[in-house]
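# Breakdown of the fold
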Amino acid sequence: MIGFPNTHSIYSIADWVELYVIYENKILSKSTMLALLQANDGSLKEENIDSVLGEMIRRKNLYGDSAPFEVDGRSIKPKIKWKDKPELIMCLIFSLFGVEKKKGKDDGTKLFERLSREAVKSYLGGEAEVIGFPNEKKLKEQIGYLSKRMCEQKGSRCPKPNDKDKGVDIIAWKSHGDMRPNQIVLLVQCGAGLNFFQKRAISIPAWREFVNWSAEPIQGIIIPKIPSDEEWIEIRDYYNLIFDRIRIYKAIHQKHLSDNSLKKQIFNWCKGRLT
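Presented here is a report on the structure given in the accompanying data block. All values reported here derive from a predicted model rather than from experimental measurement.

Although it is not a glycine, cysteine 151 sits at a positive phi angle of roughly 60°. With respect to the helices and strands, cysteine 151 occurs in the loop between helix H6 (139-150) and strand E5 (153-154). Cysteine 151 gets classed as partly exposed once you look at its relative accessible area, which sits at 22%. Positive phi, normally seen in glycine, also occurs at methionine 179, with a value near 60°. On the secondary structure map, methionine 179 appears in the loop between strand E6 (170-174) and strand E7 (184-190).

The following block contains the structure:
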């Protein structure tokens with residue numbers, strides 16, 4: 001069952017609308033939207049729903065040709081079936097409700113990292129790997145393995161045993177295919193939770209010492225929400241490259257995931273959270 005959003009936030013309501021129409025595969029009219037939400041919060045007014053519709057139009061334009069919904073006058077219509085795109089539903093669940101920590105239950109964060117790898121890899125048209133904790137290999141071994149793959153030299157500093165990832169969840173790169181360094185490299189942090197701003201930022205100085213990069217790496221963050229214009233500027237102050245839900249979806253839309261089991265695992269996880 002889909003829980004109700006934070007009705008004090010137009011952006012949270014818009015997330016709920018996006019999730020509702022796609023997951024339920026239903027057209028949601030302005031009047032029905034107001035009735036459903038007022039059942040949870042009687043203080044909502046018609047003008048609040050007008051603002052939500054305006055935000056849905058903004059999102060549709062950002063999604064472009066890959067938009068998973070249509071805004072038709074006073075109604076929102078689904079353009080996809082959620083079983084075909086469970087990756088989007090997972091992002092919406094995280095954006096609305098955050099990471100749910102329960103003993104013995106998968107919180108989905110590692111699935112989000114694997115999905116993020118697919119999105120970054122597709123965007124860059126190169127290679128990407130999830131690193132850090134938890135992993136069978138320590139960070140030192142992971143860096144050694146990836147340095148060879150990227151044809152980059154290991155740096156002068158060796159990670160300590162308790163160094164989990166130094167803020168990096170994904171390393172991505174676009175090789176020239178000539179077995180030489182000097183290439184585009186992305187160091188990406190995944191922020192599936194609601195309070196991703198509280199995560200420790202990527203330590204670029206530390207990573208310069210771990211790997212002797214031939215070209216300066218670009219740091220980025222990947223999040224399941226769609227920031228407002230004001231939030232976008234704030235996030236940009238800390239990260240050079242932002243991947244939000246729009247960019248995740250556009251990157252993987254009509255693409256075959258290289259991680260063959262990922263879509264099914266995400267689908268099952270979403271069912272567990274919403275049923």
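Before going further, it helps to examine the packing of aromatic side chains. Between two aromatic rings, the relevant description is the distance of the centres plus the angle of the planes. Within this structure, the stated rule accounts for twelve aromatic pairs. Aromatic pair phenylalanine 4 and tryptophan 16: ring centres 6.1 Å apart, planes at 20°, arrangement stacked. In this pair, phenylalanine 4 is assigned in the segment before helix H1 (10-23) and tryptophan 16 in helix H1, connecting sequence segments twelve residues apart. The exposure class assigned to phenylalanine 4 is partly exposed, which follows from its relative accessible area of 36%. Note on tryptophan 207 and phenylalanine 210: the rings are 5.3 Å apart at their centroids and 85° apart in plane angle, and the pair reads as edge-to-face. Note that tryptophan 207 and phenylalanine 210 are positioned in helix H7 (residues 204-210) at a spacing of three residues, about one turn of the helix. Comparing tryptophan 207 with phenylalanine 210 shows no difference in burial state: the two are buried. Through pairs of rings, three or more aromatic residues link up here, namely Phe4, Trp16 and Tyr20. Above the plane of the ring of tyrosine 145 lies lysine 137, whose end atom (NZ or CZ) is 5.1 Å from the centre.

What counts and how
- Residues numbered from 1 in each chain as written.
- Predicted model: local features only at pLDDT ≥ 70, side-chain atom pairs only at ≥ 80, totals over all residues.
- Heavy atoms only, no water.
- Helix = DSSP H or I, 4+ residues; strand = E, 2+ residues; numbered from the N terminus.
- Buried < 20%, exposed > 50% of the residue type's maximum accessible area, 1.4 Å probe, protein only.
- Phe/Tyr/Trp six-rings, centres within 6.5 Å; stacked < 30°, edge-to-face > 60°.
- Lys NZ or Arg CZ within 6 Å of the ring centre and 35° of its normal.

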